Amino acid sequence: MSDKPGALETLEDRPELESAVREILPVDDEQDSWTFDDVPVDSGRFGELVSAGIVEKADGQYRLADPEAVRAVLDGDVSADAVKADRDGESVLDGVSLEIDARAAALFAGALAVVALARTYVVGSIYRGGDIVLSGNDPYYYRYHVEQVAAEASHAADVGALSVLPEGLTKGEPLMVATLWWVASLFGGSEAAIGHVLAWYPVVSALVSAALLYLLALRVTNDRRVGLAAVLFLAFIPGHAFRTSLGFADHHAFDYPWLGLTALSLAVILTATADRDALRDPLPWLGAGALGVGVAGQVLAWEAGPLLLLPIGLAVAGQTLLDVDAGRSSLLTNSPVLAGVGLGAGLTGVVHLTADWQTTLVAIAPALLAGGIVVAVAAEELLRRVDGTARQLAAVDIVAGVLAIAAFRFGFPEQWAAFGDRLGTLLRSGGVAETYGLFSTDAFGFLFLLGLTLPLALPAMGRGLKLARDGHRGWLVVGSYGWLLFGLAVLQVRFVGELAVFLALFAGYTFVWAASWVDIARPVTDGAADRLDVRVPDARTVGSLVVLFLLFGSLGLVQVPVKTSQVTISDGAYGAASAMEDDATERQLDYPENYVLSRWGRNRMYNYFVNGESESYGYAEVNYGQFLSSRSPRDAYNSVIDGDVGYVVLDDLDVGDRTTMYSRLYESYGSRRGNVSGLEHYQALYVSDSGRHRAFAVVPGATIRGTAAPNATVTVATTRTVSGTSFEYVRQVEANATGTFAVTVANPGTYAVTTSDSGERGSVDVSQTAVYEGGTVDIVESAQRRGAKRPAETTAEANP
């Protein structure tokens, strides 16, 4: 007999289905299994029977789950309550067994291990000596704020993170920062503890998301094989893997568990409310509680969280259409949903009012969603009473939506403007990679973020629409999330990670279907049959399944390390940061004297290690390109450096001709080259092994003074070795009419001095102290001291 909750009770609550069952009984008596076309029942009622578990699918066809029990109920020999009481092994939680299948648990643990391995293999790039080197740029923003909250909370322990979050952060990702701070505080709250927590939280997020995905797949399909396949596909979706990789402590990873929790809770509610009696069971109301927590967490975790609540409204609207078509009350189906969303609205409102987290517009989003659900349910109730159709209800919903938008637009103009600005910021394309659309740069660019998961999932997404139309409520939920998130990802790839969770489920379904099509697995279920367990296949079948999985997942296997390597900090970048950190410590520089000017995409990382100020990359974003492309060293120094920059980092770029600041520094280390003059304020500090990354300290420079023939050209040159790379540093100046000259150099060393009038004029020693302090070195004085064999350090004098 079917273990679907409410399977036989439905016949008593839904008398209109009784006639459909009576029409099916003769066909079921004559045939062991049959197709939908074999029975004279419309798709709406047939879907209800499948959803309730009265009809189950087996080997691609259908049959009554328990013909004898159905016949007994129809003949009045036994009540549905008696049948329900006679079920064996059913849990108090609405038919959910509490027994653990050891084999299934072991396979699930193995799938989670694959997810973890695909995200932690970069451990060597994150833990380097005594440093925890987070990936990417934005993670250092959150690292900075968690450290600031920890420092502030130590002085305000009575109120903690609720009161010490800075105002700008409370309107962005307050729950994320507060949660990370709280977890780090459990481990002592030190900077090291914070670093460990931020490094590992994305991996934990991936594992939690995978567990929720597995439960969601079981709830929708009742097929453990689909759940396991979905988890494995999630492991190798590049757009999800790199965002949840070890060390990539961006905010997106924090959003995924809340998304999974809301989707699973909604699926539990809708699939557990097949009849009136189901509302007496605890499961729908437990789902409502989890939904409320998920809704509140989603909104408080990210200011764009309300966008991720839209699938809830879409699923409810779809359910009301099915309800009015089947003549069923939506109030019964959606009462727990409304309770859950209402709870989420209440939790969000309390936190907003007490801690001022999120803007008012964001904080009221759950309440607006609850209001929309009320309107949709009320419209269904009214139309059902007047024998309205689903098409008419859809028209009413559209009109109501348009009126609601118009009321918002004209009734609250300031809030509408704020909403438009924020939505425009989220959805417009710009210089940041995640703001581009999924297909905007390359028709096949999605393959690098999703592998073959998208084309594999699309057939199942299409089939899911039909299954939802036939009454499979779980498919209605995952379809709402899948299609809506796909639309958001088409606009901006920042939503690819959220989409990946649902694509993995659809891909898992298609994979099991494909395996059954080539006769290496049993047919896939649609959620109506008893839960299909996982059998232990023979070696040949295992090999075939591996080959099939590699066929679909091989591109993801290749792209996961590629995409992850793009966000990890390279050896060259870390080496530059370490060199600048050591130099700043040795010179005892304070911020902003030790500010690092670099490409904005790594600016927070550099500044975190060098000066600890990694909140913003705004200055670098505005000024770095201007500095590199400048052809006037004086203007570049005065307008960009101006005492507020201590270091400049360059990597391999294509910026202008040989006269640009980039070319002068990157290609010749500030040395004169041909007719291009050298630079006096940039001392080469670090060169990576590949030569790609080069760091320069901004210094006053030491001034070499001397005499030569009037108007003679004086050249000073030295050879310097930095990080094993040797280069010649040359500066040139013209003596004035009286024969005196002064030239500023950025590097220490022994300089050979030559003039155009007499050639070699000897050499002069310039110390590092003179370069750092803006000292002056006199060539004559230096020559006398060399004759007396005095130490070179005494040749430098600091300016008074």
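Residues numbered from 1 in each chain as written. Predicted model: local features only at pLDDT ≥ 70, side-chain atom pairs only at ≥ 80, totals over all residues. Heavy atoms only, no water.

Student: I would appreciate a short explanation of the packing of aromatic side chains in the present structure.
Tutor: How two aromatic rings sit relative to each other is given by the distance of their centres and the angle of their planes. All told, the structure shown has 29 aromatic pairs when counted by the stated rule. Centre to centre, the rings of F233 and F511 are 5.8 Å apart; their planes meet at 70 degrees, and the pair counts as edge-to-face. Of this pair, F233 sits in helix α13 (residues 224–235) while F511 sits in helix α26 (residues 496–517), and the two are 278 residues apart along the sequence. F511 sits in the buried class, given a relative accessible area of 9%. What links up through ring pairs into an aromatic cluster is the set F233, F236, F511, F549 and F552. The residue whose ring lies beneath R694 is Y666, and the NZ or CZ to ring-centre distance is 4.2 Å. (Phe/Tyr/Trp six-rings, centres within 6.5 Å; stacked < 30°, edge-to-face > 60°. Helix = DSSP H or I, 4+ residues; strand = E, 2+ residues; numbered from the N terminus. Buried < 20%, exposed > 50% of the residue type's maximum accessible area, 1.4 Å probe, protein only. Lys NZ or Arg CZ within 6 Å of the ring centre and 35° of its normal.)

Student: Got a minute to help me understand the sheet that holds strand β6 (residues 647–650) in this structure?
Tutor: Two pairing modes exist for strands in a sheet, parallel and antiparallel, and in both the strands are linked by backbone hydrogen bonds. Ordered by their spatial adjacency, four strands build an open sheet running β5-β6-β8-β7, and the pairing between neighbours is mixed. With one partner strand each, in any of the chains shown, β5 (596–597) and β7 (682–687) form the two edges of the open sheet. Here β6 pairs with strand β8 (residues 694–698) via four bridges, running antiparallel. In the strand pairing of β8, L650 is matched with R694. (Pairing = 2+ DSSP bridges.)

Student: What am I meant to see in the pairing of strand β2 (residues 61–64) here?
Tutor: For a regular strand, side-chain orientation follows a simple rule: the groups alternate between the two sheet faces. Taking every second residue as pointing to the same face, the buried face of β2 carries Y62 and L64, while none of Q61 and R63 on the other face is buried. Bridge analysis of strand β1 (residues 55–58) against β2 gives four bridges, and the strand direction is antiparallel. Directly across from E56, in β2, lies its bridge partner R63.

Student: I would appreciate a short explanation of a nonpolar patch on the surface in the present structure.
Tutor: On the surface, V542, V546, L550, L557, V558 and V562 cluster together to form a nonpolar patch covering roughly 430 Å² of accessible area. Summarising the element assignment, L557 is placed in helix α27 (residues 539–567). Exposure remark for L557: the relative accessible area of 31% places this residue in the partly exposed category. (Patch = residues over 30% accessible without salt bridge, like charges linked within 9 Å, V, L, I, M, F, W, Y side chains within 5 Å. Areas by Shrake-Rupley, 256 points an atom, 1.4 Å probe, with all protein chains shown as cover. Salt bridge = Lys/Arg side-chain N within 4 Å of Asp/Glu carboxyl O.)

Student: Is there a simple way to explain the nonpolar core in this structure?
Tutor: Side chains of nonpolar character tend, in soluble globular proteins, to be buried together. Formed by 105 residues in total, the largest nonpolar core has its most connected members in M580 and F627. Excluding residues within four positions of it along the chain, F627 makes contact with L597, A636, V640, I641, V648, M661, L665 and Y682. (Core = buried A, V, L, I, M, F, W, Y, C linked by side-chain atoms within 4.5 Å. Contact = heavy atoms within 4.5 Å.)

Distances and angles like these do not, on their own, reveal function.
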